[in-house]
Amino acid sequence: MDRNLSDAVLGLSKRSTRVVIVDPQRDFTLQYNGSLGVLGTEANSSYAERVIAATIDLKHHGFIILATKDWHPKDHTSFASQHQGRKPFETITLSHDLPDGTKRTYEQILWPDHCVQGSEGANFFLPENLIDQFFVKGTRPEFDSYSGIKDDGDLETELSAYLDHNTQIKTLIIYGLATDYCVQATVIDAVAKGLNVVLIKNLISAVDLKSGEKAIRAMESTGKVTICESVYS
Ligand code: VGL
Ligand code: ZN
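Residues numbered from 1 in each chain as written. Chains lettered and ligands numbered in written order. Predicted model: local features only at pLDDT ≥ 70, side-chain atom pairs only at ≥ 80, totals over all residues. Heavy atoms only, no water.

> Hey, could you run me through the sheet that holds strand S6 (residues 171-177) in this one?
The strands making up a sheet are joined through hydrogen bonds of the backbone, oriented either antiparallel or parallel. Pairing is parallel across the open sheet formed by six strands, whose spatial order is S5-S2-S1-S6-S7-S8. Every interior strand has two partners, whereas the edge strands, strand S5 (133-137) and strand S8 (225-228), have only one. Each strand of the sheet is rotated relative to its neighbour by a mean of 25°, with strand direction disregarded. Sheet topology places strand S7 (residues 196-205) next to S8; four bridges connect them, and they run parallel. Bridging from a neighbouring strand, isoleucine 200 pairs with cysteine 228 of S8. Where helix H2 (residues 47-61) meets the sheet, its contacts fall on strand S1 (17-22), strand S2 (64-70), S6 and S7, and the angle it forms with S6 comes to roughly 160°. (Pairing = 2+ DSSP bridges. Helix = DSSP H or I, 4+ residues; strand = E, 2+ residues; numbered from the N terminus. Axes fitted to C-alpha atoms, helices over the stretch in contact; angles between N-to-C directions. Contact = heavy atoms within 4.5 Å.)

> I would appreciate a short explanation of the site of ligand 1 in the present structure.
Neighbouring residues of ligand 1: Asp23, Phe28, Leu36, Asp70, Trp111, His114, Tyr146, Leu177, Ala178, Tyr181 and Cys182. Residue aspartate 23 places a side-chain N or O atom 2.7 Å away from an oxygen atom belonging to ligand 1. Between a nitrogen atom of ligand 1 and a side-chain N or O atom of histidine 114, the distance comes to 3.1 Å. Burial of ligand 1 by the protein amounts to 100% of the accessible area it has alone, namely 260 Å². Looking at the shell around ligand 1 residue by residue, the class counts come to eight nonpolar, one polar and two charged. (Near = heavy atom within 4 Å. Polar contact = N/O pair within 3.5 Å; in protein donor to acceptor, adjacent residues only side chain to side chain. Areas by Shrake-Rupley, 256 points an atom, 1.4 Å probe, with all protein chains shown as cover. Nonpolar A, V, L, I, M, F, W, Y, C, P; charged D, E, K, R; others polar.)

> Help me understand the coordination of the zinc ion (ligand 2) in this model?
Geometrically, a metal with four donors at the corners of a regular tetrahedron has ideal angles of 109.5 degrees, and one with six donors at the corners of a regular octahedron has ideal angles of 90 or 180 degrees. Within the protein, Asp70 (OD), His72 (NE2) and His114 (NE2) serve as the donor atoms for the zinc ion (ligand 2), at 2.0 to 2.2 Å. Around the zinc ion (ligand 2) sit four donor atoms, and with donor-metal-donor angles ranging over 87 to 170° the site reads as irregular. For the zinc ion (ligand 2), all donor residues lie on one chain, and their spacing in sequence is D-x1-H-x41-H. Pair noted here: histidine 72 is in the loop between S2 and strand S3 (91-97) and histidine 114 is in the loop between strand S4 (103-109) and S5, with a separation of 42 residues, a long-range link. (Donors = N, O, S within 2.8 Å, 3.2 Å for Na, K, Ca; no water. Tetrahedral: all angles 85-135°; square planar, octahedral: opposite > 155°, others 65-115°.)

Laid out in structure tokens, this is it:
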């Protein structure tokens, strides 16, 4: 079954590579009526089917499959519902003290409620048994976390600890949702850790087309990201 995997994928060692699927959750797909369904994930897009098939083939080939999981408390600060008079996709300014004593002021996009801990929409859209290990993010009510590696308050995730601990890991094969938010942030933080990234273009999709293209350029310009059209040759 994996005979069609591309040379770019086949050339990677199982030991030094991990697959990281970013937020493969129902709430980010239109197919499963997600509250934050991303364009390109409609039922007729076969997005979920492509992700599932590729993941099966990568796992069958021997790669360890990791995933991040957006996992918000129901009063999460990124939800428009938590800010009186605000609507989804508006922006607000947040200000927080960081662990190093400095203050950070930044723009937060307000989202529809999504990936609420324990909700149907927070579930993965791919069979749980495909995923060897998953790592939650966005669990602190006052901080968002597009990145699977650290949140907006600079708190590192368990995935970050896993990558630091397993020093043999040099490369991540990354795909998932959404290109312009969690995929981009996770890729940029992975590169900052010194890792190489293989990004699978037909398994990612953006909230906004233009910002998705911009995100791909930003990831590419690190010089550490190889962009593959698909995992197949
Ligand atoms: C995401 C917006 C809010 C993502 C998560 O997974 O890209 N986007 N939370
Ligand atoms: Zn979120």
